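# Structural characterization, general
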Amino acid sequence: MSDPEITREENDSKGRYMLRQEGETAELTYSRLGGAAIIIDHTAVPDALRGTGAGRRLVERAVADARAEGRKIVPLCPFTKAQIDRTPEWQDVLQGR
């Protein structure tokens, strides 16, 4: 089975990433802080996708996009903060580092 596609929607102030797999959707939402940073405020993974790495893949995509766009991340979401804290190679995108 191939990795599920992650899509992104963004407007002037907010955005979200969605991962669809097995008829379910996991989501990571954020608010923009101008063009310099995003505040990740929520990650939701339905029970059917828990333990599949869906949430981590969403954070990984947000980190990759932040790097590519020259943005920093403020992880208010406890799940996102924990994922970044335990992944040293992602910490360069944290606001204030």
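Residues numbered from 1 in each chain as written. Predicted model: local features only at pLDDT ≥ 70, side-chain atom pairs only at ≥ 80, totals over all residues. Heavy atoms only, no water.

## Topic: the side chain of Thr29
Note on placement: Thr29 falls in strand E3 (residues 24–33). A polar side-chain atom of Thr29 sits 2.5 Å from a polar atom in the side chain of Asp41. Thr29 has contacts with Gly15, Arg16, Ile39, Ile40, Asp41 and His42, leaving out every residue within four places of it along the chain. (Helix = DSSP H or I, 4+ residues; strand = E, 2+ residues; numbered from the N terminus. Polar contact = N/O pair within 3.5 Å; in protein donor to acceptor, adjacent residues only side chain to side chain. Contact = heavy atoms within 4.5 Å.)

## A short note on the environment of Gln21
Here Gln21 is to be found in strand E2 (residues 14–21). Residues Gln21 and Asp47, 26 residues apart in the sequence, show an inter-C-alpha distance of 12 Å. If we ignore the near neighbours within four places in the chain, the residues touching Gln21 are Pro4, Leu49, Thr52 and Arg57.

## Let's talk about helix H1 (residues 54–69)
Along its 16 residues, H1 runs 23 Å from first to last C-alpha, staying within 8% of the 22 Å computed at 1.5 Å per residue. Looking at H1, one finds that the buried residues are Ala54, Gly55, Arg57, Leu58, Val59, Ala62, Val63, Asp65 and Ala66. On its buried face, H1 is in contact with strand E1 (6–10), E2, E3, strand E4 (37–44), strand E5 (72–75) and helix H2 (78–85). Two residues or fewer past H1, Gly70 is found with a positive phi of approximately 70°. (Expected span 1.5 Å × (residues − 1). Buried < 20%, exposed > 50% of the residue type's maximum accessible area, 1.4 Å probe, protein only.)

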